[in-house]
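# Per-entry structural report
Now for the letters of each chain:
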Amino acid sequence: MKRKIKVAQIGCGKMSKFTMRYVYEKGGEIVLAFDCNKDIIGNDIGSIIESNPKGIIVEDIHCLEERLKTVKPDIAIVTTMSLLGDLEDVLRACCNAHVNVITTCEEAFFASNSNPKLFHELDSLAKAGGITITGCGYQDIFWGNLVSGLSSSTHTITKIKGSSSYNVEDYGIALAKAHGAGLSLEEFEKEIASHDNISKEERERLINEREFLPSYMWNVVGWLSDKLDLRIKNINQKCIPMTHDEDIYSSTLDMTIKAGDATGMSAVVTATTMEGIILEAECIGKVYNEKEFDANVWTIEGEPETTMVINKPCTVELTCADIVNRIPDVLNARSGFVSTSEMPELRYRVKDLNEYVLKDL
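Please read these numbers as outputs of a predicted model, since none were measured by experiment. (Residues numbered from 1 in each chain as written. Predicted model: local features only at pLDDT ≥ 70, side-chain atom pairs only at ≥ 80, totals over all residues. Heavy atoms only, no water.)

A tally of regular secondary structure across the protein gives 11 helices and 15 strands. Taken against the 2.2 N^0.38 rule, which gives 21 Å for 361 residues, the C-alpha radius of gyration of the protein at 20 Å falls within 12% of a compact globule. Taken along its principal axes, the extent of the C-alpha atoms in the protein is 50 × 50 × 40 Å. Taken across its 361 residues, the protein has 55% of its residues classed as buried. Summed over all atoms, the accessible surface of the protein reaches about 15900 Å², with 50% contributed by carbon and sulfur. The averaged location of the 55 negative side-chain charges in the protein is 6 Å from the averaged location of its 38 positive side-chain charges. (Helix = DSSP H or I, 4+ residues; strand = E, 2+ residues; numbered from the N terminus. Rg over C-alpha atoms; globule rule 2.2 N^0.38 Å. Buried < 20%, exposed > 50% of the residue type's maximum accessible area, 1.4 Å probe, protein only. Areas by Shrake-Rupley, 256 points an atom, 1.4 Å probe, with all protein chains shown as cover. Lys, Arg positive; Asp, Glu negative; His and termini not counted. Charge placed at Lys NZ, Arg CZ, Asp CG, Glu CD.)

Here's what the structure looks like:
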């Protein structure tokens, strides 16, 4: 494609500082920006990405569908919420406006195994509108393609076990609250942990009725099974509160979390497969103390056994770079709600993004 890719940024918080700058630096252009925060609406996006004014003013998200239809961007980057249901209105608006979507929404990474009803509704809308919806980010590489790549050099696999930690301070208030940061242990048990103390039948009912609350690794395990051609026989998750022995301040929540209260949570998802391979994945999201840092550790058990350790990854920047580098793959993909598990391996983009798009938009 010869012209620049036109991008709408939906959500102008911490992540957008990087996604918007990366779009410009990869030869694209931001043509619209939206948020619901009155303190952000009305500002030029240059103030967010710390550059000169760009002539693009952050607009109220309530005008989203109308403005998308008027300006007609090629794709929208959505960096707001973690659950698919929370993005439903935004995604429907993009479908109605025939605008492709790439989002950091963790559930969107493989939503068919946690919210199949809404997934199929949005898949049908996307196909009708001739557009593609994709969820990706840090998990696309560090919980997905790196793991599947490591698996490809293994002769036999008995178990894939992973653990990844991240500071909820880096991702905004919605994610921090979703991890139970700031709750007492009693509140955590009632509001978060209790949702997983249920039978398999009850979980299936919640999934079918759009009421299930998946941890990030629930969708990652679904993605890995799809990528590796595994068939899941049984899957469950357990959420455990993380605590600190001293008071710790959260700038995102604007509160001091008392010693012994939840600073976040560990969520462990375990799946057995028809092929006999066990998938066990843990994500630890919490407010860090001054000595803690992000880490990503995966072990492939079998012949041979291999462990991959990545300490101190720049999780926010890596998430945003993945999003921007994936844009051509989304524009080249079939219509519908498409997982990156069926897209090409992600590439570093040396040339401008539009040069990797294989069709005229």
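Before going further, it helps to examine the packing of aromatic side chains. The tally for this structure, following the rule as stated, stands at 8 aromatic pairs. When the centroid spacing of 6.3 Å and the interplanar angle of 45 degrees are considered together, the rings of Trp 143 and Tyr 166 count as tilted. On the criterion of sequence distance, the pair formed by Trp 143 in helix H6 (residues 138–151) and Tyr 166 in strand S7 (residues 156–167) is long-range, its members being 23 residues apart. Of the residues examined, Trp 143 reaches a relative accessible area of 4% and is grouped as buried. What links up through ring pairs into an aromatic cluster is the set Tyr 138, Phe 142, Trp 143, Tyr 166 and Tyr 216. Sitting above the plane of the Phe 293 ring, Lys 312 keeps its charged end 5.1 Å from the centroid. Just above the ring of Tyr 356 sits the side chain of Arg 349; from NZ or CZ to the centre is 4.7 Å. (Phe/Tyr/Trp six-rings, centres within 6.5 Å; stacked < 30°, edge-to-face > 60°. Lys NZ or Arg CZ within 6 Å of the ring centre and 35° of its normal.)

Moving on: the sheet that holds strand S12 (residues 278–286). Strand order in the open sheet formed by 6 strands is S8-S11-S12-S7-S13-S14, with mixed pairing between adjacent strands. With partners counted over all chains shown, the strands left at the sheet margins are strand S8 (232–243) and strand S14 (306–311), one partner each. Across this sheet, the average inter-strand angle for adjacent strands is 10 degrees, counted without regard to direction. Direction of pairing for S8 relative to strand S11 (residues 262–273): antiparallel, over a ladder of 11 bridges. Its bridge partner being in S11, Ile 240 is matched across the sheet by Ser 266. Lying over the sheet, H6 contacts S7, S12, strand S13 (295–303) and S14, oriented at roughly 20 degrees with respect to S13. (Pairing = 2+ DSSP bridges. Axes fitted to C-alpha atoms, helices over the stretch in contact; angles between N-to-C directions. Contact = heavy atoms within 4.5 Å.)

Turning our attention to the state of the cysteines. Evaluation of the coordinates by the stated rule reveals 0 disulfides. Here Cys 36 stays free of any disulfide, with the sulfur of Cys 12 as its closest cysteine sulfur at 10.0 Å. You can see Cys 320 has no disulfide; the closest cysteine sulfur is in Cys 136, sitting 11 Å from it. Residue Cys 320 is classed as buried on the basis of its relative accessible area, which comes to 0%. (Disulfide = S-S within 2.5 Å.)

What follows deals with the environment of Gly 135. Take Gly 135: it is sitting in strand S6 (residues 132–135). When its relative accessible area of 1% is taken as the criterion, Gly 135 is described as buried. On a C-alpha basis, the gap between Gly 135 and Thr 252 in space is 24 Å, while along the polypeptide they are 117 residues apart. Residue contacts for Gly 135: discarding those within four places in its chain leaves Thr 103, Ala 108, Phe 109 and Thr 340.

In this section: the packing of helix H1 (residues 16–25) against helix H11 (residues 315–332). The interhelical angle for the contact between H1 and H11, taken along N-to-C directions, is 40 degrees, at an axis separation of 9 Å. Here H1 lies oblique to H11, going by the angle between them. Note that H1 runs across H11; the crossing there is right-handed. Residues Phe 18, Thr 19, Tyr 22 and Val 23 of H1 form the contact with H11, whose participating residues are Val 316, Glu 317, Cys 320, Ala 321, Val 324 and Ile 327. Grouping the amino acids of the contact of H1 with H11 by side-chain chemistry returns 8 nonpolar, 1 polar and 1 charged. (Parallel < 35°, antiparallel > 145°, perpendicular 65-115°, else oblique. Left-handed = near helix turned anticlockwise from the far one by under 90°. Nonpolar A, V, L, I, M, F, W, Y, C, P; charged D, E, K, R; others polar.)

All right, on to H11 then. Across its 18 residues, H11 extends 26 Å between first and last C-alpha, which sits within 8% of the 26 Å expected from 1.5 Å per residue. Taken as a whole, H11 carries its principal kink of about 40 degrees at Arg 326; the proline Pro 328 stands between one and four residues after it. Most of H11 is tucked away, with 14 of its 18 residues classed as buried. (Expected span 1.5 Å × (residues − 1). Bend = angle between axes of the 7 residues up to and from the residue.)

The next subject is the environment of Ala 97. With respect to the helices and strands, the residue Ala 97 is situated in the loop between helix H4 (88–96) and strand S5 (100–103). Sequence separation of Ala 97 and Val 71 is 26 residues, and the distance between their C-alpha atoms is 9.8 Å. In this structure Ala 97 touches Glu 65, Leu 68 and Lys 69, once residues within four positions along its chain are discounted.

So, about the environment of Asn 115. Considering the arrangement of structural elements, one finds Asn 115 in the loop between S5 and helix H5 (116–129). The contacts of Asn 115, once residues within four sequence positions are left out, are Leu 84, Gly 85, Glu 107 and Arg 210.

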